[in-house]
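# Secondary and tertiary structure notes
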Amino acid sequence: AGHKMELAIPPSDQAAEIAWLENAVAALPSPTDATTIPVAQTEMPTDANKEKAERARVVGNRCFAEAHYREALTHYEEGLTKDWTSHLLWSNRIATLLKLNRPQDALRDSLLLIRLRPDWVRSHQRAADAAEALHMWEGKQVCLGVAVRVQPDDADLTRRYHEACMDATYMPLTADGPIRVRFAGTETTKARSLVTTRRLAPGTIAYAEPPLLLCPNLPERDCSHPAPRCCAHCLRALDSYQELFAKPLADGSFTPEEACFTTLWPKQAVPPQDAIRCECGEVYCCLECKQEATKQYHQHLCPRRN
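Predicted, not measured: the structure shown is a model, and the values here were computed from it.

Tracing the chain through its elements places Thr 174 in helix α8 (residues 155–174). The exposure class of Thr 174 is buried, given its relative accessible area of 2%. Residues within four places of Thr 174 in sequence aside, it is in contact with Ile 179, Arg 180 and Tyr 207.

Looking now at the packing of aromatic side chains. Taken as a whole and assessed by the stated rule, the structure comprises 1 aromatic pair. Ring geometry for Phe 64 and Tyr 69: centres 5.2 Å apart, planes at 65°, overall edge-to-face. By relative accessible area, Phe 64 is classed as partly exposed at 25%.

Among the secondary structure elements, His 87 is positioned in helix α4 (residues 87–99). Distance in space between the C-alpha atoms of His 87 and Ile 114 is 9.1 Å, their sequence separation being 27 residues. Not counting residues up to four positions away in its chain, the partners in contact with His 87 are Leu 113, Leu 116, Arg 117 and Trp 120. Only 3.3 Å separates the side chain of His 87 from the side chain of Arg 117, close enough to count as a polar contact.

Taking 1.5 Å per residue, 15 residues should reach 21 Å; helix α11 (residues 287–301) reaches only 18 Å between its end C-alpha atoms and comes up short. Where α11 bends most, the angle comes to about 70°, and this point is Lys 295. Regarding α11, the residues found buried are Cys 289, Ala 293, Tyr 297, His 298, Gln 299 and His 300. Where α11 is buried, its residues touch α8, β2 (192–196) and β4 (283–284).

Taking 1.5 Å per residue as the helical rise, helix α5 (residues 103–116) with its 14 residues ought to reach 20 Å, and the 20 Å between its terminal C-alpha atoms agrees with that figure. Those residues of α5 not exposed but buried are Pro 103, Asp 105, Ala 106, Leu 107, Asp 109, Ser 110, Leu 111, Leu 113 and Ile 114. Turning to α5, the residues buried within the fold contact α1 (14–26), α4 and α6 (121–133).

Opposite charge on two side chains lets them pair, provided their charged atoms get close. One pass over the full model with this rule turns up 13 salt bridges. Of the charged contacts in the structure, one is a salt bridge between Arg 160 and Glu 132, with a shortest N-O distance of 3.8 Å. Placement of the pair is Arg 160 in helix α8 and Glu 132 in helix α6, with a sequence separation of 28 residues. Glu 132 sits in the partly exposed class, given a relative accessible area of 29%. Through salt bridges that share partners, Asp 129, Glu 132, Lys 140, Arg 160, Asp 167 and Arg 182 make up one connected network.

In the contact formed by α4 and α5, the axes pass within 8 Å of each other and the chain directions differ by 160°. Taken as axis vectors, α4 and α5 run roughly antiparallel relative to one another. The interaxial crossing formed by α4 with α5 has left-handed handedness. In this structure, α4 contributes His 87, Trp 90, Ser 91, Arg 93, Ile 94, Leu 97 and Leu 98 to the contact, and α5 contributes Pro 103, Asp 105, Ala 106, Asp 109, Ser 110, Leu 112, Leu 113 and Leu 116. Grouping the constituent residues of the contact of α4 with α5 by class yields 9 nonpolar, 3 polar and 3 charged.

Time to look at the pairing of strand β1 (residues 179–183). Among the 5 residues that make up β1, 4 are buried, leaving the element largely enclosed by the rest of the structure. Relative to β2, β1 runs antiparallel, the two being bridged by 5 bridges. Within β2, the position partnered with Arg 182 by the bridge is Ser 193.

Conventions adopted
- Residues numbered from 1 in each chain as written.
- Predicted model: local features only at pLDDT ≥ 70, side-chain atom pairs only at ≥ 80, totals over all residues.
- Heavy atoms only, no water.
- Helix = DSSP H or I, 4+ residues; strand = E, 2+ residues; numbered from the N terminus.
- Buried < 20%, exposed > 50% of the residue type's maximum accessible area, 1.4 Å probe, protein only.
- Contact = heavy atoms within 4.5 Å.
- Phe/Tyr/Trp six-rings, centres within 6.5 Å; stacked < 30°, edge-to-face > 60°.
- Polar contact = N/O pair within 3.5 Å; in protein donor to acceptor, adjacent residues only side chain to side chain.
- Expected span 1.5 Å × (residues − 1).
- Bend = angle between axes of the 7 residues up to and from the residue.
- Salt bridge = Lys/Arg side-chain N within 4 Å of Asp/Glu carboxyl O.
- Axes fitted to C-alpha atoms, helices over the stretch in contact; angles between N-to-C directions.
- Parallel < 35°, antiparallel > 145°, perpendicular 65-115°, else oblique.
- Left-handed = near helix turned anticlockwise from the far one by under 90°.
- Nonpolar A, V, L, I, M, F, W, Y, C, P; charged D, E, K, R; others polar.
- Pairing = 2+ DSSP bridges.

Dropping the structure here:
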């Protein structure tokens, strides 16, 4: 907590969103309840058909408000057969499909809606809703990132984007457990909290994770020696113990504490040019450690990115 509210992860652009949606839709199984809209997207609707479509939308909205979702869907589809260019009808149909537990069809419609009205913030929000219903956390983050670009001054939308970033990071780690990580910030601060999804018996381990910050217990040394280099993620030593104590391998003058370290410290150092560095200065022993640190926590803690 206490940080100025800024976007934790740079939002995606529309090209990235379209690419994600196309890949996600292509991976979906064939729809079990195929859409009934014969969309002729080469013919523009007449004014008379637009009026009929709007009347169908009004009736559909009334059904939706009364929780008669199947009737609402019928009216929205009727309206779309008259005016396939109505982004309001497509948006309402997506919301109805989600109510009817048809998120795959809703995701397919979201791709069409975004292509139809990429400048409308609700298009991207509907896609995020469908991705969330399918537990596609990365897609939810991508779509809301574009929504933030379209409407950057919406505080509620920015907050939801922060929540999507946390879902993309933590839901794969906590989906099978009794806790969730939630955004707990305000308009001016960022914070995270752990919440339970059910009552826990005393002694239950709610969540276990590797330590976020570690510090090696090094013996006291002369201050003239430089601090040892360690991987910022796994703490693998990057210096050999000869370099650490400035003593050759054959030298038998190690203190008992130093002798203990020689059994654990690597005999071969990682050359400085082979170490992997983040732009903020953190050093890692390998690319895998850097990628794992970024995925787990460093994307939120890196001072150059936040």
